[in-house]
Amino acid sequence: MLVITLDKISESDLPLVGSKAWNLSRLINSGFPVPAGFCINTEAFLEAAGVAFKAHQKLLDSLDSDWMDHTEELDELRLEIETAPFPERLEREVMAALELLGADSYAVRSSATAEDLSGASFAGQYDTFLKVRKNELIDKIRSCWASLFSERAVSYRVMKKISHLRVAMAVIVQKMVDAKASGVLFTIDPVSGKEQIVIEGSWGSGCAVVSGSIDPDRIVLTKTGGEVIEYHASGAGTKFPAGLAESSLKPALCLDDIQVRKLFEIATKIEIKLGSAQDLEWATTECEVFLLQSRPVTAVSAYDPLEDRQIWTNANTGEVLPDVVTPLTWSLVQDFIQKLFGMILRNIGCSVDTSKIIGLVAGRVYFNINTMASIINSIPGLTRLNLEEVFGGQQERFHQEGLLKLNPADMPAVRFSPIKALLRLPGFLFWMLSQTEKKSVSLLHRINNKFQDLQKLNWPEATDVFLIDFLRNFNSIPYHDTDGIGAALLGMTCFNQLREFCRRFLGDNGVLFNRLLSASGGIQSAESGLALLRLSRIVKKHPELEKELKLVKISETGRIASLSGGAEFLLRFEDFMAKHGHHSRGEIDLHNPRWYEEPEFILDLILSYPQEKNGGFYRKAAREKKKTLIECLEKLRNPVLRQIFRILLHKAGFGLRFRENIKSELVRGVAYTRVAALELGKRLTERKVFTAQDDVFFLFLTELEALVNGTSHLDIAELIRQRRLEYEGNNKLSPPAVVVGRFNPAKMQLGKVPTGRVLKGLVIRPGIVTGKARVILKSDLKERVLPGEILVAPFTDPGWAPYFLNAAGIVMDLGGMLSHGCIVAREYGIPTVVNVGPATRIIKTGQMIRLDADHGIVEILD
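Note that the coordinates shown come from a computational prediction; the quantities given were computed from them, not determined experimentally.

### Points about the overall build of the protein chain
Secondary structure summary: the protein chain contains 31 helices and 26 strands in total. Here the protein chain holds 862 residues, and the buried ones make up 56% of them. In the protein chain, once contacts between residues fewer than 6 apart in sequence are set aside, the share between residues at least 24 apart is 70%. A total accessible area of about 38700 Å² is found for the protein chain, and carbon and sulfur atoms account for 54% of it.

This is the structure:
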């Protein structure tokens, strides 16, 4: 069907009908007064105007700031569209729809696919025709199509950097309203930016108001209550403040009090329904008010308060802390991040308010782009760093859509002192370069010894003061000296230098680089998956053991040990938990149970691996790495370059390994911190202060400390109840990757889900595979990846490693070169493409997809 009535348009039709028609449909189906009508979709436009469109494709592809040199060609294109044959089946559908409307005349309006976007409204750029008779309708539809390439529309797309080849035109046909008065209404003042309702109108059809050719009646009302702030009568030449005798104004206004009130009520409801400030067109008859269209307000001159101009991103944090964080976790993480960034920035001569670096959006941790951009812009040499590629995120796409516009006035002051940098930088660089492998390994041994002492600790006998101090010292567990930070920074630096070296001297597009860093060995988070495979092999060798493990709990060690292979399995299982049991989904949040707390979950994973899954993928990656290394050395004839290459490769590999292992130790520290918190929670529950042990996670550290010290004056039960409600409410929300201003769930817009069958992303590990998709949104679910399937996930961290083992390939919404889950995927040698958001919203489990990880392409085949 090329024609669809407005009330039948669904969300899936949006790409075919454009935002204007889609918004009208939403209004109709929400009970708002919209004239009946239908929409001729974009397929009809392409069918009728396709020949002309394709004939001028080269022109449209090249149109840019020089478009004015091609006005004659644009005239020719519009003429070809206006004179193109009207498809017979389209004419039949249009005439059938007209019969159902049964009007004397019609309004014919455009609804382009690039119209009324959040960053570009296209208001007034396309043609609208009123009082169109039946015999004129087809010509006016053609004229609407042709207006897609009017000079004003082309100019606007050039300004907004929107491709002329990515737009198409749908056409709306509605019953013509015999308007007594018409005009526009804004639910935010587009001039001052104030939160108030602005109504402008005039007698008749209102075209003059929209075009701005007359001085309209103007009424301004408060957003809450609808109190009149200002009247301005057309022709009076004076603004009349509220409170002036109404009798002197009524004769001059095109709206009476009842109609003003009706428009106010409609407008406030629509803003809530559509989730953003709206620009409405309206018309009144003798007894009714009609809405003709609604679009987002995209141009407000005045700035909102500073907080409304902050931009937040979940790049990297969306993987490290993917879920709503509990108050206790937030208080610890916030302090840790501030101290970490403060230490690093001081050493390079930089000073900034680190309290602004991270914040909460719907209870989730987000980085503040304003602050990060200010830091990067102030430090020479960092402006070229592609943070999206390194750490992941969707910022580039938001830049392309014009949503991220940073004004210097909105960015915090960063004081960069070249003198301090010159004085401190040599020492900082020497300190970083002095982080030898020996020192780094020694640091890991020291941390490991510290944890072995904690393992022997009798937590129930520890004092309350000891437990509080343990929580307060959360930051110092993995970094009781700064060697760990220096070694990690050195590894990241060499990682980027190696990538640039491969690009410059080996002509690499990422394939060689990623193969060289696979199968390095010694990465603890990757070793966890391989250890699970080894456990699986023991089980598969002993059918009776496998059968029994499916029936009993892992705690029934007596029954398991009595079977062939049982004792070995239990020994290896215990070793696995000792080395890797501290991992979990969202490992940094204290609220999340560790693997060692849920052994049945791990056992279920072990039993899910097939017999043939024996780690061959890892050995294949190791062979590929060796072969690639030989090829690279053969290409590098210069012995100096060859030596530099060897050094960079070695240091990058070691740096990544150390960074992952020190992070694993941080997570082990988090696990012990959770033990301390739960012990406190248990005691406070026994003292009737808490109603449940995990109430401890819903207090900030300072509140918990005051409670333990007996200095708290809070109503703890009510406070925890409110925070649990907030926590549960935030868990139901899905904030976007980038949030501009204060997050408002009522106004949340996820954006359109792309309808294309080819998605692009960032290559983490090359390779080309085809298989069925397995979409998994959380790594603590019972859903499993079957052998040969391609895992599609929102993100991954080391807690996802067990899910990788059966996967033929991996696709992620988020992720970057140095993302923790991506390092594991690269280590395993599994073809992986990340930053493909929103892949999990487009791809469905069971669909056949082709993953071309050589070029970063994911193709849906069915």
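What follows continues from the structure just given.
### Examining the sheet that holds strand 2 (residues 37-40)
The strand order across the open sheet built from five strands is 1-2-5-3-4, with neighbouring strands paired in antiparallel fashion. A strand with exactly one partner marks an edge of an open sheet, and here the two such strands are strand 1 (3-5) and strand 4 (128-132). Averaged over all adjacent pairs, the angle separating strand axes in this sheet is 20 degrees, with direction ignored. Taken together, the four bridges between strand 2 and strand 5 (residues 169-175) define a ladder with antiparallel strand orientation. Each bridged residue has a counterpart across the sheet, and for Cys-39 the counterpart in strand 5 is Ile-172. Packed on one face of the sheet, helix 5 (residues 88-101) meets strand 1, strand 2, strand 3 (106-112) and strand 5 and runs near 170 degrees to strand 2. Packing against the sheet, helix 6 (residues 137-146) makes contact with strand 2, strand 3, strand 4 and strand 5, and its axis sits at approximately 140 degrees to strand 5.

### Observations concerning the confidence of the model for the protein chain
For the protein chain, the average pLDDT comes to 82, and 85% of its residues sit at 70 or higher. Mean pLDDT across the secondary structure elements of the protein chain bottoms out at strand 10 (residues 239-241), with 41, and peaks at strand 25 (residues 848-852), with 96. Counting contacts from residues 395-404, a segment whose pLDDT is below 50, to residues more than four positions away or on other chains yields 23 contacts.

### Considering the pairing of strand 16 (residues 364-368)
Within strand 16, five of the five residues are buried, which leaves it mostly tucked inside the rest of the structure. In this structure, strand 15 (residues 358-361) lies alongside strand 16, joined through four bridges in antiparallel fashion. Considered in strand 16, the bridge of Gly-359 is made with Tyr-366. Linking two consecutive strands that pair antiparallel, namely strand 15 and strand 16, is a turn of two residues; a positive phi of about 50 degrees is found at Ala-362 within it.

### Considering unusual backbone geometry
For Ala-519, which is not glycine, the phi dihedral falls at a positive 50 degrees. Within the element layout of this structure, Ala-519 appears in the loop between helix 19 (511-516) and helix 20 (524-541). Taking relative accessible area as the criterion, Ala-519 reaches 13% and is therefore assigned buried. Non-glycine residue Asn-835 carries a positive phi angle of around 60 degrees. Inspection of the secondary structure puts Asn-835 in the loop between strand 24 (832-834) and helix 31 (839-842).

### Some details on the sheet that holds strand 26 (residues 857-860)
Pairing in this open sheet of eight strands is mixed, and the strands run 19-26-25-21-22-23-24-20 from one edge to the other. Edge positions in the open sheet fall to strand 19 (758-760) and strand 20 (762-765), since each of these has one partner strand only. Looking at each pair of strands side by side, their axes are set apart by 25 degrees on average, direction ignored. Two strands pair when backbone bridges link them, and strand 21 (residues 768-775) and strand 22 (residues 790-793) are joined in this way by three bridges, in the parallel orientation. Counted as the bridge partner of Ala-773 is Ile-790 from strand 22. Sitting on the sheet, helix 30 (residues 820-828) is in contact with strand 20, strand 23 (809-812) and strand 24, with an inclination near 50 degrees to strand 20.

### Remarks on the packing of helix 26 (residues 639-686) against helix 30
At their nearest, the axes of helix 26 and helix 30 sit 11 Å apart, and the two run at 125 degrees to each other. The angle between helix 26 and helix 30 places the two elements in the oblique class. Crossing hand, helix 26 versus helix 30: left-handed. Across from Leu-656, Arg-659, Glu-660 and Lys-663 in helix 26, the residues of helix 30 making contact are His-820, Ile-823 and Arg-826.

### Quick notes on a positive patch on the surface
A cluster of basic side chains, namely Arg-534, Arg-537, Lys-541, Arg-572, Arg-619, Lys-620 and Arg-623, defines a positive patch on the protein surface. Secondary-structure elements contributing two or more residues to the positive patch are helix 20 and helix 25 (616-635). With respect to the helices and strands, the residue Arg-623 is situated in helix 25.

### Regarding the nonpolar core
Membership of the largest hydrophobic core comes to 76 residues, with the highest contact counts inside it found for Leu-498, Phe-569, Ile-602, Phe-645, Leu-791, Phe-804 and Tyr-828. The contact partners of Ile-602, leaving out residues within four places of it in the chain, are Leu-532, Phe-573, Phe-576, Met-577 and Trp-595. If you look at the next biggest cluster of nonpolar residues, it comprises 54 residues, including Ile-358, Leu-666, Val-667 and Leu-680.

### Let's talk about the pattern of salt bridges
Going through the model one piece at a time under the given rule, you end up with 36 salt bridges. Where Arg-515 meets Glu-624, a salt bridge forms, and the shortest distance between an N and an O atom there is 4.0 Å. With Arg-515 in helix 19 and Glu-624 in helix 25, this residue pair connects regions lying 109 residues apart in the sequence. Accessibility expressed as a relative area gives 22% for Arg-515, which makes it partly exposed. Sharing partners across several salt bridges, the network here consists of Asp-189, Glu-200, Arg-218 and Glu-230.

### Topic: the packing of aromatic side chains
In this structure the tally under the stated criterion is 18 aromatic pairs. Measuring from centroid to centroid gives 5.3 Å for Trp-459 and Phe-470, while their planes differ by 85 degrees, and the two rings are edge-to-face. With Trp-459 in the loop between helix 16 (437-455) and helix 17 (464-472) and Phe-470 in helix 17, this residue pair connects regions lying 11 residues apart in the sequence. For the pair Trp-459 and Phe-470, a shared accessibility class is recorded, and that class is buried.

### Some remarks on the environment of Ala-179
Mapped onto the fold, Ala-179 is located in the loop between strand 5 and strand 6 (181-186). What makes Ala-179 partly exposed here is its relative accessible area of 22%. Expressed as a C-alpha distance, the spacing of Ala-179 and Glu-286, which sit 107 residues apart in the sequence, is 8.2 Å. Not counting residues up to four positions away in its chain, the partners in contact with Ala-179 are Gly-204, Ser-205, Ala-283 and Thr-284.

### What about the side chain of Arg-594?
Mapped onto the elements of the fold, Arg-594 is located in the loop between helix 23 (566-580) and helix 24 (599-608). The buried charged residue Arg-594 lacks any salt bridge partner; its closest oppositely charged side chain belongs to Glu-597, at an N-O distance of 4.8 Å.

Each value, and the rule that gives it
In this numbering scheme, every chain counts its residues from 1 along its sequence in written order. Reporting of local features is limited, given that this is a predicted model, to residues whose pLDDT is at least 70; pairs of side-chain atoms are given and counted only at 80 or more, and all residues count toward the totals for whole chains, interfaces and linings. The side-chain numbers reported here are obtained from all heavy atoms of the structure, hydrogens and water having been left aside. Helical segments are the DSSP runs of H or I of at least four residues, strand segments are the runs of E of at least two, and each set is numbered from the N terminus. With a 1.4 Å probe rolled over the protein chains alone, any residue whose accessible area is under 20% of its type maximum counts as buried; one over 50% counts as exposed, and the rest are partly exposed. In what follows, residue pairs with any heavy atoms lying within 4.5 Å of each other are defined as contacts. All accessible-area figures derive from a Shrake-Rupley calculation using a 1.4 Å probe, and residue coverage is judged against the displayed protein chains alone. Note on pairing: two strands pair once DSSP finds at least 2 bridges between them. Fitted lines through C-alpha atoms give the axes, limited to the stretch in contact for helices. The angle between two N-to-C directions lies from 0 to 180 degrees. Values of pLDDT, the confidence the predictor places in each residue, fall between 0 and 100. Each angle gets one of four labels, with under 35 degrees taken as roughly parallel, over 145 as roughly antiparallel, 65 to 115 as roughly perpendicular, and the rest as oblique. Each crossing gets its hand from how the near helix is turned against the far one by less than a right angle, where anticlockwise is left-handed and clockwise is right-handed. Each patch groups residues whose relative accessible area exceeds 30% and which form no salt bridge, using 9 Å between like charges and 5 Å between nonpolar side chains of Val, Leu, Ile, Met, Phe, Trp and Tyr. A pair is scored as a salt bridge if a Lys or Arg side-chain nitrogen falls within 4 Å of a carboxyl oxygen belonging to Asp or Glu. Counted as positive: Lys and Arg. Counted as negative: Asp and Glu, with His and the chain ends omitted from the count. The location of each charge is read from NZ of Lys, CZ of Arg, CG of Asp or CD of Glu. For the purposes of this section, nonpolar cores are sets of buried Ala, Val, Leu, Ile, Met, Phe, Trp, Tyr and Cys residues that join through side-chain atoms within 4.5 Å. When two rings of Phe, Tyr or Trp (its six-membered ring) have centres within 6.5 Å they constitute a pair, described as stacked for plane angles under 30 degrees, edge-to-face for angles over 60, and tilted for the intermediate range.

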